[in-house]
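Chain by chain, the residues:
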Amino acid sequence: MSDAHPCLGRTPSLEGLVTRRIVLAEELHLGRAGERLLVSQSRVSQLVSAFERRIGARLVERTSRRVELTPLGPDLYASLEPAHRALVTVLDDARLRARGTPRRLRAGFQGAIYPALAAVLAQLARDDPERAVSTNELPLGDPCTQVLAGSIDAAIVLLPVDEPEPVTGAVFSRRPPVLAVSTSHPFAALDTISVERLAEITTVPVTGAAPRYWLDVHAPTTPPEAGRSR
């Protein structure tokens, strides 16, 4: 296996050292980190040692079987990861612009592209024609993972969002929850449905990596003391 990273080369920049440090902190395994980075296991160890010399402290404890973070490691990773993600995005955009390639905006959304969202995307295309906009449907039960991982730039999701990193922006629409049933269903003749009565039927499950506070709003396991759904 080659020791050269396809983008960073044999003499890694600080960006390259940070990238390898982050991957090792995520994998906690030299072999798996090497597979992700397309370098050998020994090269990962060498580069992490180089990064530790820059910092002036041990960040990982390495043995023949495992890798463990030192007390400094988790805090450094928590600070480095979002900064590194932002740096990679800036550099990628600069490279695209240097090649004459349109800048990207990767937007994720839950459900369907409804009229309000479609209007915003169309307006963005008119206001910034040099930006290429791509959309990606997000799992209903996982509103935050992709934007936190940096695989998309923005996410249009159901509130609440109470995470330390994403910035909550404009609200596209405000609509009450709606229960959809067939015209022959007993509930179809009712004007209102209590949350307690919803427990009588099987609804579409909401599963995924959504935060607990989000699931409590959109997929509660116990009904509130009082609440009605139209």
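Cut-offs used in this document
- Residues numbered from 1 in each chain as written.
- Predicted model: local features only at pLDDT ≥ 70, side-chain atom pairs only at ≥ 80, totals over all residues.
- Heavy atoms only, no water.
- Axes fitted to C-alpha atoms, helices over the stretch in contact; angles between N-to-C directions.
- Helix = DSSP H or I, 4+ residues; strand = E, 2+ residues; numbered from the N terminus.
- Parallel < 35°, antiparallel > 145°, perpendicular 65-115°, else oblique.
- Contact = heavy atoms within 4.5 Å.
- Nonpolar A, V, L, I, M, F, W, Y, C, P; charged D, E, K, R; others polar.
- Core = buried A, V, L, I, M, F, W, Y, C linked by side-chain atoms within 4.5 Å.
- Buried < 20%, exposed > 50% of the residue type's maximum accessible area, 1.4 Å probe, protein only.
- Salt bridge = Lys/Arg side-chain N within 4 Å of Asp/Glu carboxyl O.
- pLDDT = per-residue confidence, 0-100.

Asker: What exactly am I supposed to notice about the packing of helix α2 (residues 30-37) against helix α3 (residues 41-55) here?
Answerer: For any two helices packed against each other, one specifies the inter-axial angle together with the distance between the axes. Put simply, α2 and α3 touch, their axes get as near as 8 Å, and they point 95° apart. As summarised for this structure, α2 and α3 are arranged roughly perpendicular, according to the angle between their axes. Along the contact surface, α2 presents Leu30, Gly31, Ala33, Gly34 and Leu37, while α3 presents Gln41, Val44 and Ser45. Looking at the contact of α2 with α3 residue by residue, the class counts come to 4 nonpolar, 4 polar and no charged.

Asker: What is the right way to read the nonpolar core from this model?
Answerer: Across soluble globular proteins, you tend to see nonpolar side chains buried next to one another. Listed in full, the 10 residues of the largest apolar core are Val23, Leu24, Leu30, Ala33, Leu37, Val39, Val44, Val48, Val60 and Val67. Secondary structure elements with two or more residues in this core: α1 (14-27), α2 and α3. Top contributing element to this core by residue count: α2, with 3 residues. Ranked by size, the runner-up nonpolar core spans 6 residues in total, among them Ile22, Phe51, Leu76 and Leu80.

Asker: Can you walk me through the environment of Leu69 in this structure?
Answerer: Take Leu69: it is sitting in strand β2 (residues 67-69). Since its relative accessible area comes to 28%, Leu69 is described here as partly exposed. Between the C-alpha atoms of Leu69 and Arg58, which are 11 residues apart in sequence, the distance is 8.8 Å.

Asker: Any chance you could explain the environment of Ser134 here in plain terms?
Answerer: For Ser134, the location among the structural elements is in strand β4 (residues 131-138). Sequence spacing of Ser134 and Arg106 is 28 residues, and the spatial spacing of their C-alpha atoms is 5.0 Å. Discounting residues that sit within four places of it in the chain, Ser134 has contacts with Leu105, Arg106 and Ala107.

Asker: How should I be thinking about the pattern of salt bridges in this particular structure?
Answerer: Pairing between side chains becomes possible if they bear opposite charge and their charged atoms approach one another. Scanning the entire structure with this criterion turns up 4 salt bridges. Put simply, Arg106 and Asp153 hold a salt bridge, and the shortest N to O gap is 2.9 Å. With a gap of 47 residues between them, Arg106 in strand β3 (residues 103-110) and Asp153 in the loop between α6 (145-149) and β5 (154-156) connect regions that are remote in the sequence. Look at Arg106 and you get buried, because its relative accessible area is 18%. Here Asp153 falls in the partly exposed class, since its relative accessible area comes to 31%. One salt bridge connects Glu200 with Arg197, and the closest N-O pair in it is separated by 3.3 Å.

Asker: Can you walk me through the confidence of the model for the protein chain in this structure?
Answerer: Parts of the model with low pLDDT should not have their predicted coordinates read in detail. Averaged over all residues, the pLDDT of the protein chain equals 76, while 84% of them reach at least 70. Mean pLDDT in the protein chain bottoms out at strand β7 (residues 228-229), which sits at 46, and peaks at β5, which reaches 86. Here residues 1-11 scores under 50 on pLDDT; set against residues more than four positions off or in separate chains, the count is 24 contacts. Contacts from residues 226-230, a stretch scored under 50 in pLDDT, to residues over four places away or in other chains number 15 contacts.

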